[in-house]
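Summary of structural features
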Amino acid sequence: MMTAILVAAGLALAFGLLLGIAAQWFHVEGNPLAEKIDALLPQTQCGQCGFPGCKPYAAAIAEGRADINQCPPGGDATIKNLADLLGVEPKPLNADNGTAKTVPMVAVIDEAVCIGCTKCIQACPVDAILGAAKQMHTVIAAECTGCELCIAPCPVDCIDMVPVAIGIEGFRFPYPQTQRVLLAPPLATPTPTVVDQPANAKLDELTRERIVTHG
Amino acid sequence: MVKPPQLKVPQARFSFHGGIHPPENKTSTRDRPIKALPLMPRYVLPLHMHIGAPARAVVAVGQRVKKGQVLAQATDFISASIHAPTSGVISAITEHAIPHPGGLGAMAIILDADGRDEAIEPMTPWPDFTAQTPTELRGRLREAGIVGLGGAVFPTAAKLATGSAASVHTLILNGAECEPYITCDDRLMREQPFEIVQGAAIVLHMMGASRCLIGIEDNKPEAIATLAEASRADARFETIAVPTRYPAGGEKQLIKVLTNVEVPRGRRATEYGLLCLNVATVAAIYRAVVLGEPMIDRIVTVTGAGIVQPDNFRVPLGTKISDVIAAAGGYVAGTDRLIMGGPMMGFALHEDDVPVIKATNCLLALRPQDRPAEPAPQPCIRCSLCAEACPADLLPQQLYWYARAKQFDRTVEYHLFDCIECGVCSAVCPSHLPLVDYYRFAKTELWAAERDQSKASLARTRFEFRNERLERIKTEREAALNKKRQNLATNTAAIEARDAPAGATVGTFDDAFGTYQPQPVSAPAAGLDTAALVITDSAVAAARARAKARRAQLDADRAVQAHANIQIDAQEATEEPAKAQAEPSKNNPT
Amino acid sequence: MKFPTQTAPLPEAQNSVRRVMLIVLLALMPGTLVAIALLGWGVLINIMLAIAAGLLAEALMLKIRARSVRPAIYDGSVVVLAWIFALCLPNLGPWWLPVFGAIFAVVVAKQLYGGLGFNLFNPAMVGYVVLLISFPEPMTRWGPAIDVGGGALNFMQSLAWSFNGVLPSGVGYDGLSVATPLDHVREQLTAGAPIHNATLSLFNSGHLLQAWNLWLGLAFLAGGLLMLWRGVIRWHIPVAVITGVLVMSGFLWLLDSAKHASPLFHLLTGATIFGAFFVATDPVTASTTPRGRLIFGFGIGVLTVLIRSFGSYPDGVAFAVLLMNLSVPLIDYYTQPKVFGHKQGKLQPNGAGEGGK
């Protein structure tokens with residue numbers, strides 16, 4: 001009995017020592033978890049999550065102050081990635097922060113109305129707006145993340161969000177269909193329509209069927 | 001079949017793993033000589049008919065151009081120029097439908113032919129090409145817009161510029177044409193062997209190579225005999241018969257069959273001392289170097305039971321496919337599928353109002369009765385017939401499982417990007433799974449994720465830099481303000497330097513392509529932006545209209561509100577005395 | 001003119017799961033006929049009952065899972081499953097053996113894992129093993145068709161025995177049932193008696209029935225060769241299984257021929273050949289890479305002999321198959337073929353140090 005207690009205590013001491021040494025030896029500067037979380041966020045820097053940027057939100061998640069479903073630009077994909085990383089259950093997007101966009105958007109300034117006040121330049125978190133006081137402002141479309149922070153400050157309301165047309169370089173093949181359908185010639189869609197329908201839909205044996213994929 | 005003349009041609013000694021032997025279906029066009037097409041009224045020339053950066057238009061709407069005149073210049077290192085297939089007037093530079101599996105459109109130059117078919121002065125002919133340096137010859141290829149005509153449409157000048165010239169010792173000409181139905185290379189080899197052999201000689205000179213192997217599948221005995229005869233005088237050439245098996249014509253597979261070298265993905269054949277070009281590409285090289293003609297046409301096989309008279313045509317680039325089909329007699333009643341390319345690697349077109357581009361080697365029209373019934377896909381039974389047939393030695397069933405589950409990192413582990421999308425796996429699968437569709441889906445998803453990732457890190461960098469900058473502004477006000485303006489200007493300049501500049505910067509790759517003078521631009525460039533993000537004019541106009549409407553609405557609302565406020569004030573003014581009377585003790589102004 | 005589109009290439013559609021299954025059924029015919037001739041109508045009754053129960057179970061499960069029923073039934077995979085399963089069952093067993101076993105195999109081992117193509121374990125073997133462990137006594141009711149003093153049963157009598165347990169007058173069960181050769185070996189081993197006498201007697205005795213395993217083995221071999229010829233299976237797994245059996249039993253026999261049966265015995269008795277060609281080659285549960293298949297088959301052969309020699313069951317094929325099914329993902333992962341261009345020892349690029357990968 002006594003030996004058992006002594007052995008258990010000895011083991012506990014030994015492992016505690018090992019853990020302490022390991023904590024010193026393998027200590028990593030900074031919070032690597034926050035960086036890993038930040039790598040999964042879309043870097044829109046829009047603030048819809050309630051934090052002033054993606055890094056603060058990532059830090060908040062790492063510290064447990066924020067939930068993983070606060071990011072509308074990331075959408076369900078980001079929530080799933082965060083859930084995988086943290087080992088928790090994914091949950092639906094918090095609708096209070098906004099809805100996930102289906103089509104990527106960029107801001108466009110109506111140059112006829114712009115008065116050159118630089119308020120939008122100051123608002124843009126990624127410096128995607130080009131211009132100076134009393135000079136024409138324009139949004140650099142390639143850098144715009146679609147965060148919409150420039151729309152509110154504009155005193156003449158000349159900024160609008162426009163869907164980005166994805167050209168042939170950005171074309172994505174859709175997920176192949178697994179059941180028989182007849183498809184009309186599809187129009188080009190900016191994002192692939194996910195047609196992962198389970199094979200449980202009734203087959204219509206009377207109509208002539210072919211396997212077609214969304215071209 | 002005509003018995004070939006008695007010329008002993010060696011058989012290929014090596015083979016590749018897998019492959020299948022689908023029905024060849026070449027009899028309807030293999031003996032039809034190449035025909036010219038009549039002039040058509042309109043030609044559509046997409047700016048992006050090749051791998052690499054799109055070309056930049058150097059003509060303006062309304063400009064009159066001549067046949068062979070450059071319409072768009074190559075921009076980046078890997079890029080190609082576009083030339084006018086006939087003389088006429090540029091009627092528009094706009095988005096137009098192009099052959100694309102997703103039915104997307106792209107920027108294109110619309111040329112209205114004037115019927116005169118006047119040609120400009122050719123580039124300086126170099127019949128004695130050995131006097132030119134490889135750099136000058138590469139410049140000529142780039143100027144002429146030569147791209148690989150085997151289907152990959154890789155700019156040939158860039159392909160030949162890879163690696164030092166001395167390291168390539170063997171040129172391989174790809175005359176295999178392994179895909180069913182297609183006979184354009186077969187006819188070219190039979191009708192224009194001299195151009196092919198001369199073109200190959202030019203490339204041998206350019207690369208400093210010492211021998212040339214011509215690989216032709218043994219279902220083309222006439223072509224084998226013709227090319228063997230045409231190259232007999234030059235001891236550097238050797239024509240080799242390759243056993244007919246799809247996909248023997250894949251570049252890596254042909255290299256393996258002829259030389260037993262396996263070129264892995266991510267490496268060029270030039271790193272192994274080899275260079276492989278399609279026979280049509282070298283024929284175009286001959287025309288560009290010796291005759292000074294740019295690439296303005298290509299041979300297209302129009303075939304299938306859905307075509308009234310299958311044939312082979314020399315088609316000017318930009319010809320509408322509907323015009324080409326009409327020249328072949330039109331569709332047979334009941335045709336419901338038009339495929340660009342062959343039955344294994346081609347894709348179905350949404351409409352035939354799209355132009356012939358540099359990659360169009362075949363137009364295949366089929367009725368439902370001409371192809372086997374396409375049953376619904378069943379679950380994968382893990383029989384591994386796909387792995388046995390894969391010419392890249394992959395495990396297609398694993399790629400399928402993971403692509404289906406959208407676990408894309410596992411697909412990369414199983415070498416997804418080594419897949420050449422030849423379609424053999426889909427063809428042998430007993431469960432009729434559209435395997436290649438899954439791989440294409442996985443690939444584009446991975447590329448999109450990569451793009452999103454790089455965009456996100458760029459955005460993060462810009463955000464962090466901005467925060468840093470604002471910090472500095474806080475501490476140094478006056479100098480920081482100037483610095484901020486300076487920084488904004490620097491960023492813009494950096495962005496402009498990073499993106500394709502609006503001005504013409506062609507000719508900066510002097511080391512590779514020589515200092516050639518592009519044709520003088522007589523009209524200002526149309527200032528097109530053919531980057532990946534294209535905001536169409538209509539979208540911007542719509543946005544402006546919406547903004548205007550909203551402003552008008554806001555103004556109206558404000559006016560209404562102001563009016564209402566006046567009314568309320570007036571009402572309150574009348575109510576106050578009443579209220580004051582009701583509650584004399586309280587005299588709070590609401 | 002506008003067209004509906006498809007991005008995949010035109011499929012050849014010559015091969016199909018149904019065609020594969022039909023060839024397997026054809027290949028099962030010789031062995032089945034020999035089994036009926038040697039063992040009687042019980043074999044056929046078992047097969048019919050198993051197929052009926054299996055098809056019903058599959059249809060019911062697909063309905064419950066809201067999947068389309070017709071293509072799954074049409075491709076014939078359940079028929080093949082039930083047939084193979086029924087051939088493992090004793091011919092004098094009761095009716096509920098094939099019924100219960102088939103239902104268990106289809107429902108638990110196949111449908112609950114996800115249906116065709118998704119199951120980890122060979123469903124026929126799962127059904128057999130469940131019966132063997134749950135009902136050991138009925139699973140030993142083997143007996144020949146040929147009269148051994150008890151008289152042979154005709155079809156109706158077999159049905160009566162199977163469903164009601166009623167034998168015709170004058171026939172006793174003890175006269176009907178016989179220990180299989182492997183049963184015999186197991187008894188001898190348990191009793192500590194030397195084997196070689198037993199094996200010798202098995203082949204040299206006048207009992208034709210003792211050679212039933214030999215005839216069955218040859219018939220199934222013929223079927224297996226038919227499948228190889230038609231390209232439905234590949235040679236890797238059968239050859240590897242047989243090699244594994246011969247190697248392991250040869251090794252043990254050389255060690256102590258009194259305690260262990262000869263390799264030939266192991267090859268020709270029990271389900272060795274049947275298992276090598278029909279059971280182990282089930283594509284869904286076997287390894288998928290060429291090298292992996294060799295390892296998979298070899299493992300089955302070795303384990304079969306080990307279980308026969310040291311385990312408590314007379315035949316080890318079913319357990320061996322199930323154990324190797326477990327290790328298939330591991331085997332597949334480590335036996336991936338070298339991708340084109342990444343093979344070691346291939347030509348190095350000019351001037352480069354490392355050639356690929």
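Owing to the predicted nature of the structure, the values given are computational and were not obtained by experimental measurement.

1. What to know about the overall build of chain B
If you tally the helices and strands in chain B, you get 16 helices and 18 strands. Buried residues in chain B amount to 56% of all 590 residues. Of the contacts formed within chain B by residues at least 6 apart in sequence, a portion of 74% connects residues at least 24 apart.

2. Looking at the side chain of K220 of chain B
Residues and elements named next belong to chain B. Note that K220 resides in the loop between strand 10 (211-217) and helix 5 (221-230). One buried charged residue, K220, remains without a salt bridge, the closest side chain of opposite sign being E217 at 4.1 Å. The contacts of K220, once residues within four sequence positions are left out, are K26, R30, G175, A176, E177, D186 and M189.

3. Looking at a nonpolar patch on the surface
Residue and element names in this part refer to chain A. Taken together, M1, M2, I5 and L6 make up a surface patch of nonpolar side chains, about 500 Å² in accessible area. For M1, the location among the structural elements is in the segment before helix 1 (2-25). For M1, a relative accessible area of 78% corresponds to the exposed category.

4. Here we look at the confidence of the model for chain A
Residue and element names in this part refer to chain A. With 82% of its residues at a pLDDT of 70 or more, chain A has an overall mean of 76. Ranking the elements of chain A by mean pLDDT puts strand 5 (residues 165-166) last with 74 and helix 1 first with 93. Confidence drops under pLDDT 50 across residues 179-215; counting only partners more than four residues distant or on other chains, this segment forms 83 contacts.

5. Notes on the sheet that holds strand 10 of chain B
The pairing of strands in a sheet comes from backbone hydrogen bonds and takes either a parallel or an antiparallel form. Residue and element names in this part refer to chain B. On the basis of which strands lie adjacent, the open sheet formed by four strands has the order 11-10-9-12 and parallel pairing. Each having just a single partner strand, strand 11 (237-242) and strand 12 (274-278) make up the two edges of the open sheet. Direction aside, neighbouring strands of the sheet carry axes that sit 25 degrees apart on average. Bridging between strand 9 (residues 170-175) and strand 10 involves six bridges; their strand directions are parallel.

6. Concerning the domain arrangement of chain A
All names here are of chain A. Here chain A is partitioned into domain 1 (1-29), domain 2 (32-97) and domain 3 (105-163). The C-alpha centroid of domain 3 is placed 26 Å from the C-alpha centroid of domain 2. Taken together, the contacts link five residues of domain 2 with six residues of domain 3. Buried area between domain 2 and domain 3, both sides added, is near 360 Å², and the carbon and sulfur share of it is 59%. The largest share of the area that domain 2 buries against domain 3 comes from T44, Q45 and C46, three residues that together contribute 84% of it. Linking domain 2 with domain 3 are zero salt bridges, by the criterion used here. On inspection of domain 2 and its partner domain 3, the count reaches one residue pair in polar contact (both at pLDDT 80 or more). When grouped by side-chain class, the residues that make up the side of domain 2 that touches domain 3 number one nonpolar, four polar and no charged.

7. Some points on the environment of C429 of chain B
The topology assignment puts C429 of chain B in the loop between helix 12 (424-428) and helix 13 (435-475). Taking the C-alpha atoms as reference, C429 of chain B lies 27 Å from I255 of chain B; in sequence the two are 174 residues apart. Non-local contacts of C429 of chain B, meaning those with residues more than four positions away in its chain, are made with L435 of chain B together with N15 of chain C.

8. Focus on the pattern of salt bridges
Residues and elements named next belong to chain B. Under the defined criterion, the tally for this structure stands at 38 salt bridges over all chains. For the salt bridge of R64 with D114, the shortest nitrogen-to-oxygen distance reads 3.3 Å. With a gap of 50 residues between them, R64 in strand 4 (residues 64-65) and D114 in the loop between strand 8 (105-113) and helix 1 (134-143) connect regions that are remote in the sequence. Of the residues examined, D114 reaches a relative accessible area of 24% and is grouped as partly exposed. Put simply, R30, D31, D186, R190 and E222 are held in one network by salt bridges that share partners.

9. Some details on the pairing of strand 2 (residues 42-46) of chain B
All names here are of chain B. Among the five residues in strand 2, four count as buried, and that is most of the element. In terms of strand pairing, strand 2 meets strand 8 through five bridges, oriented antiparallel. Residue pairing in the sheet places R42 in a bridge with D112 of strand 8.

10. Re the sheet that holds strand 6 (residues 82-83) of chain B
Read from one edge to the other, the open sheet built from three strands follows the order 3-5-6 (chain B), with strand pairing classed as antiparallel. Across the chains shown, the open sheet's two edge strands, defined by having one partner strand only, are strand 3 (56-57) and strand 6 of chain B.

11. Some points on unusual backbone geometry
Residue and element names in this part refer to chain B. Residues Y246 and P247 are joined by a peptide bond in cis, for which omega reads -5 degrees. Considering the arrangement of structural elements, one finds P247 in the loop between strand 11 and helix 6 (251-259). You will see that V153, though not glycine, has its phi angle at about 40 degrees, which is positive. By relative accessible area, which is 8% here, V153 ends up buried. Its identity is not glycine, yet S384 carries a phi of approximately 70 degrees, on the positive side. Relative to the elements of secondary structure, S384 occurs in the loop between strand 17 (362-366) and helix 9 (385-389).

12. Brief notes about the packing of helix 2 (residues 41-64) of chain C against helix 5 (residues 96-111) of chain C
Each packed pair of helices is defined by two parameters, the angle between the axes and the distance between the axes. All names here are of chain C. Where helix 2 contacts helix 5, the axes come no closer than 8 Å and their chain directions differ by 35 degrees. Helix 2 and helix 5 meet at a crossing whose hand is right-handed. Across the interface between the two elements, N46, L49, A50, A53, G54, A57, E58, M61 and L62 from helix 2 touch P98, V99, A102, I103, V106, V107, K110 and Q111 from helix 5. Grouping the constituent residues of the contact of helix 2 with helix 5 by class yields twelve nonpolar, three polar and two charged.

13. A word on the nonpolar core
In terms of nonpolar packing, the biggest core is built from 103 residues, with I109, L171, L173, I196, V203, V289 and V302 of chain B touching the most fellow members. At ten residues, the largest contribution of residues to this core is made by helix 7 (residues 279-291) of chain B. Contacts of V289 of chain B, omitting those with residues within four sequence positions, involve T124, P125, W126, F129, L137, R140, L141 and I202 of chain B. Core analysis: the next-biggest nonpolar cluster, separate from the first, contains 96 residues, L216, I237, F296 and V317 of chain C among them.

14. Describing the pairing of strand 5 (residues 70-73) of chain B
Residues and elements named next belong to chain B. As judged from the two bridges shared by strand 3 and strand 5, these two strands associate in the antiparallel manner. Residue pairing across strands places A57 opposite A72, the latter belonging to strand 5. Examined bridge by bridge, strand 5 and strand 6 share two bridges and lie antiparallel to one another. Following the sheet pairing, V70 is matched in strand 6 by H83.

The rules behind each value
Residues numbered from 1 in each chain as written. Chains lettered and ligands numbered in written order. Predicted model: local features only at pLDDT ≥ 70, side-chain atom pairs only at ≥ 80, totals over all residues. Heavy atoms only, no water. Helix = DSSP H or I, 4+ residues; strand = E, 2+ residues; numbered from the N terminus. Buried < 20%, exposed > 50% of the residue type's maximum accessible area, 1.4 Å probe, protein only. Contact = heavy atoms within 4.5 Å. Lys, Arg positive; Asp, Glu negative; His and termini not counted. Salt bridge = Lys/Arg side-chain N within 4 Å of Asp/Glu carboxyl O. Patch = residues over 30% accessible without salt bridge, like charges linked within 9 Å, V, L, I, M, F, W, Y side chains within 5 Å. Areas by Shrake-Rupley, 256 points an atom, 1.4 Å probe, with all protein chains shown as cover. pLDDT = per-residue confidence, 0-100. Pairing = 2+ DSSP bridges. Axes fitted to C-alpha atoms, helices over the stretch in contact; angles between N-to-C directions. Domains from an automatic or database assignment. Buried area = accessible area lost by both parts, 1.4 Å probe. Polar contact = N/O pair within 3.5 Å; in protein donor to acceptor, adjacent residues only side chain to side chain. Nonpolar A, V, L, I, M, F, W, Y, C, P; charged D, E, K, R; others polar. Left-handed = near helix turned anticlockwise from the far one by under 90°. Core = buried A, V, L, I, M, F, W, Y, C linked by side-chain atoms within 4.5 Å.

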